[in-house]
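# Architecture at a glance
Single-letter residue listing:
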Amino acid sequence: MTACHESSSAKAPTIRVTPPGPKSLEIWKKEKKYITPGLGPDTLCIPIVFKEGKGSILWDVDGNSYIDFAAGILTNSTGNCHPKLVERLRKQIEQLWHVHDAPTPDRYKLLTLLAEKTPRGIDTFEFYSGGAETVEAAMRAAISYTKNYEFIFFHRAFHGKTLGVRSALLWQMKGCGPVLNAVRVPFAYCYRCSFKLQYPSCGLHCADYLEEAVRYNSSGNIAAIIFEPIIGGGGIIVPPEGFLQKIADFCRHNRILLIADEILTGVGRTGKFFAVEHFGIEPDLILFGKGLGSGFPVMVLGGRREIMSAEPFGLPGGASTTFGGNPLAIACALATLETIEKEGMLKSIRTVGNFISRRLNEMQEKYQLIGDVRGMGLLYGVELVKDKKTKEPAYEEGKLIYIECVKNGLRLIAQGPLIRFSPPLNIPLELVGCALDIFEGAVSKIEKKRE
Ligand SMILES: Cc1ncc(COP(=O)(O)O)c(C=O)c1O
């Protein structure tokens, strides 16, 4: 039983048998023979077999319960099995499953809602099922419109793993063959500045560097820059004020389209519906979806009509896919948006996010292992280091802290020395306190072990 069990009512995690328990291990042993070894490191590190989820709590087959600080993989905006979503999906399941991309009454409702919520100028949409295919669709639209074929990517960006978008991901996908012609530039990662400068005295040199990078790394045929307003998988990196604005100004000046990849940051995750709203950026194309279906696969590409209509992307069949926007996905997206609105989540995200930020910053003061704390809304990351001066990444400690958290009933996202905190958008505050107690206990234990 975890330390915070008593203080946080019956919802707090309960560990009956050290995870992974015997039933989990038995299932995993059998499954392992058939499933790819390329699963996520979290699963491989401690293979728990989950059988149920309600709101922000998950149960495994051994009777343990966990606080869900991963929200699937930043997908379950309203938590697992929100009653309103279950009701809506159940109704849809009995009505209509799939009619390819033919119009439905609910799709029209969703489109009108999206047109209200997306940044100015975005008025045309297409639905997809996965993130990478949505980014690739945006690239096809940008190529169709500009008749150019090069892209600008940021270092540490993550846009997916299909052949086109993995061109942004050379740092993670070595050995996968040829990539697209692209200009790759550093993001404003101030904790480890590529130019060894300090904000604000740097004058945002990293943004100015884009001009030089384009001059020497492009043949003058750039279609678009693809950017995450806050880098997600690559480190939860929030750029300082002015950075994205400078980048956007350069691109506008040079007729380079702005493609905001908000697959991870969109749908309220950062406290505003889209993260670009924090920075005053109005992109030409925007994509989002991790949190749109609360765990049901549905992604959206939105853009200005003239871009989305450009041929060949805008030709009949040029934008559509097999499952994109099927009625079940549309039902989940509508119910998620309505629930976020009805339950006033954008406001509570900021309150709960401030609480997380305060607690993590206090921990940073206290523990040598916590090098940096970054984030916004309900998207936080802690970068672990072996030493605050050298900033040597603490890979092994990251793994040990993650395991310790899971063993005490907290599921979060671990990625080497980066621990990500991204609970459902409606997580109750008392559970957040409990989760942070478990995390602090784990950091303290692993730090003491090193001494
Ligand atoms: C910003 C961003 N873009 C694209 C993707 C790729 O999505 P998928 O894994 O569904 O292809 C991800 C996935 O994490 C992401 O975070």
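Residues numbered from 1 in each chain as written. Predicted model: local features only at pLDDT ≥ 70, side-chain atom pairs only at ≥ 80, totals over all residues. Heavy atoms only, no water.

## Notes on the sheet that holds strand β11 (residues 370-376)
- With antiparallel pairing, four strands are arranged side by side in an open sheet as β11-β12-β15-β14. Each having just a single partner strand, β11 and β14 (413-415) make up the two edges of the open sheet. On average, each strand axis in the sheet is tilted by 20° relative to the strand beside it, whichever way the strands run.
- Inspection of the sheet shows strand β12 (residues 379-384) paired to strand β15 (residues 418-421) by four bridges, in the antiparallel sense. Within the sheet, the bridge partner assigned to Tyr380 lies in β15 and is Phe421. (Pairing = 2+ DSSP bridges. Helix = DSSP H or I, 4+ residues; strand = E, 2+ residues; numbered from the N terminus. Axes fitted to C-alpha atoms, helices over the stretch in contact; angles between N-to-C directions.)

## Considering the packing of helix α13 (residues 395-407) against helix α14 (residues 429-450)
- One way to put it is that α13 packs onto α14 with a least axis distance of 9 Å and a crossing angle of 135°. With respect to each other, α13 and α14 are oriented oblique. Considering the relative orientation of α13 and α14, their crossing is right-handed. Touching Glu397, Leu400, Ile401, Glu404 and Cys405 of α13 are Ile438, Phe439, Ala442, Val443, Lys445, Ile446 and Arg450, all from α14.
- Of the residues belonging to the contact of α13 with α14, the class tally is eight nonpolar, no polar and four charged. (Parallel < 35°, antiparallel > 145°, perpendicular 65-115°, else oblique. Left-handed = near helix turned anticlockwise from the far one by under 90°. Contact = heavy atoms within 4.5 Å. Nonpolar A, V, L, I, M, F, W, Y, C, P; charged D, E, K, R; others polar.)

## As for the environment of Asp372
- Inspection of the secondary structure assignment puts Asp372 in strand β11.
- Once the C-alpha coordinates of Asp372 and Leu384 are considered, the two residues, twelve residues apart in sequence, prove to be 7.2 Å apart.
- Apart from residues lying up to four places away in sequence, Asp372 is in contact with Tyr191, Gln364, Gly381, Val382 and Glu383.

## Concerning helix α6 (residues 131-146)
- The terminal C-alpha atoms of α6, which comprises 16 residues, lie 23 Å apart, in line with the 22 Å expected from a rise of 1.5 Å per residue.
- Looking one or two residues beyond α6, the residue adopting positive phi is Lys147, at roughly 65°. (Expected span 1.5 Å × (residues − 1).)

## Quick notes on the site of the ligand
- Looking at the ligand, the residues that line it are Gly130, Gly131, Ala132, Phe158, His159, Gly160, Glu228, Asp261, Ile263, Leu264 and Lys290.
- In the model, an oxygen atom of the ligand is placed 2.8 Å from a nitrogen or oxygen of the Gly131 main chain.
- Separating a nitrogen atom of the ligand from a side-chain N or O atom of Asp261 is a distance of 2.7 Å.
- Contact with the protein chains removes 77% of the 390 Å² of surface that the ligand exposes when unbound.
- Counted by class, the shell around the ligand contains four nonpolar, four polar and three charged residues. (Near = heavy atom within 4 Å. Polar contact = N/O pair within 3.5 Å; in protein donor to acceptor, adjacent residues only side chain to side chain. Areas by Shrake-Rupley, 256 points an atom, 1.4 Å probe, with all protein chains shown as cover.)

## A short note on the pairing of strand β3 (residues 65-68)
- A two-sided burial pattern is seen for β3, the buried positions comprising Ser65 and Ile67 on one face and Tyr66 and Asp68 on the other.
- For strand β2 (residues 57-60) and β3, the ladder comprises three bridges, and the chain directions are antiparallel. Bridged to Trp59 within β3 is Ser65.
- The antiparallel pairing of β2 with β3 creates a hairpin that spans four residues between the two strands, and Gly63 there sits at a positive phi of about 90°. (Buried < 20%, exposed > 50% of the residue type's maximum accessible area, 1.4 Å probe, protein only.)

Just geometry here; none of it tells us what the structure is for.
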